[in-house]
Amino acid sequence: MTKMNLELAKKLIEGAEQEAANIGVSMVISVVDEGGNLIAVHRMDDAWLASVDIAQNKAWTSVALKMPTSNLAEATVPNAELYGLNTTNNGRIVLFGGGIPLVENEQVIGAVGVSGSSVEHDVQVAEAAVNVFESLVVKK
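In this report, the structure presented in the accompanying data block is examined. (Residues numbered from 1 in each chain as written. Predicted model: local features only at pLDDT ≥ 70, side-chain atom pairs only at ≥ 80, totals over all residues. Heavy atoms only, no water.)

## Quick look at the overall build of the protein chain
Moving on, step 1. Looking only at helices and strands, the protein chain features three helices and four strands.
Moving on, step 2. Reading the protein chain from its N terminus to its C terminus gives the helix and strand order α-β-β-α-β-β-α.
Moving on, step 3. Computed over C-alpha atoms, the radius of gyration of the protein chain comes to 14 Å, within 12% of the 14 Å expected from 2.2 N^0.38 for 140 residues, which places it in the range of a compact globule.
Moving on, step 4. Along the first, second and third principal axes, the C-alpha atoms of the protein chain reach 40 × 35 × 20 Å. (Helix = DSSP H or I, 4+ residues; strand = E, 2+ residues; numbered from the N terminus. Rg over C-alpha atoms; globule rule 2.2 N^0.38 Å.)

Written as structure tokens, this is what we have:
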């Protein structure tokens, strides 16, 4: 199984940054390993400072719950079964899109988290990183 490392994280960030540039948005892109430990964080010029923490927490949430952060949106609204989930884990859990786990052989080996624009754009840029991951690791 592949181990998330800086070399791989830099390639994922490069793919995500290209996508962010294509849509004309400055983003923060974070990559964590299977334990939620930060491997790399990249803040494009003029990206929001608040997005640094958000991107890292999106990646952490994806690893911690082994799912894209976008999967949490409906289950966490008032009166839904997971309402209040974002108040656990010292507030680190993010309930909207932009965090996606990196999966190899059905095992989560890390995650990417992207912040800096609309949720739709954050997801689009995170998916670009996942596509790079899949081309390098999953389809070897």
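Alright, that's what it looks like, and here's the rest.
## As for the side chain of serine 30
Moving on, step 1. Mapped onto the elements, serine 30 comes out in strand β1 (residues 28-33).
Moving on, step 2. If near-sequence neighbours (up to four positions away) are discounted, serine 30 is found in contact with Leu38, Ala40, Val41, Val52, Ala55, Gln56, Ala59, Ala111, Val112 and Gly113. (Contact = heavy atoms within 4.5 Å.)

## Things to note about the sheet that holds strand β3 (residues 99-104)
Moving on, step 1. Strand order in this open sheet of four strands is β2-β1-β4-β3, and the pairing throughout is antiparallel. Two strands bound the open sheet, and with one partner strand each, they are β2 (38-43) and β3. Here the strands of the sheet are splayed against their neighbours by 15 degrees on average, with no regard to which way each runs.
Moving on, step 2. Set on the sheet, helix α1 (residues 6-23) makes contact with β1, β2 and β3; between it and β2 the angle comes to about 30 degrees.
Moving on, step 3. Across the face of the sheet, helix α2 (residues 50-65) comes into contact with β1, β2, β3 and β4 (107-115) while running at roughly 155 degrees to β4. (Pairing = 2+ DSSP bridges. Axes fitted to C-alpha atoms, helices over the stretch in contact; angles between N-to-C directions.)

## Focus: unusual backbone geometry
Moving on, step 1. Unusually for a residue other than glycine, asparagine 90 sits at a positive phi of about 55 degrees.
Moving on, step 2. With respect to the element layout, asparagine 90 can be found in the loop between α2 and β3.
Moving on, step 3. By relative accessible area, which is 81% here, asparagine 90 ends up exposed.
Moving on, step 4. Positive phi is not limited to glycine here, since asparagine 105 has a value of about 50 degrees. (Buried < 20%, exposed > 50% of the residue type's maximum accessible area, 1.4 Å probe, protein only.)

## Notes on the nonpolar core
Moving on, step 1. Ranked by internal contacts, the top residues of the largest apolar core, which has 25 residues, are Leu12 and Val112.
Moving on, step 2. Of all elements in the fold, only α1, β1, β3, β4 and α3 (119-138) reach the threshold of two or more residues within this core.
Moving on, step 3. No other element matches α3, which puts seven residues into this core.
Moving on, step 4. In contact with leucine 12, other than residues within four places in its own chain, are Met4, Val31, Leu102, Ala129, Val132 and Phe133. (Core = buried A, V, L, I, M, F, W, Y, C linked by side-chain atoms within 4.5 Å.)

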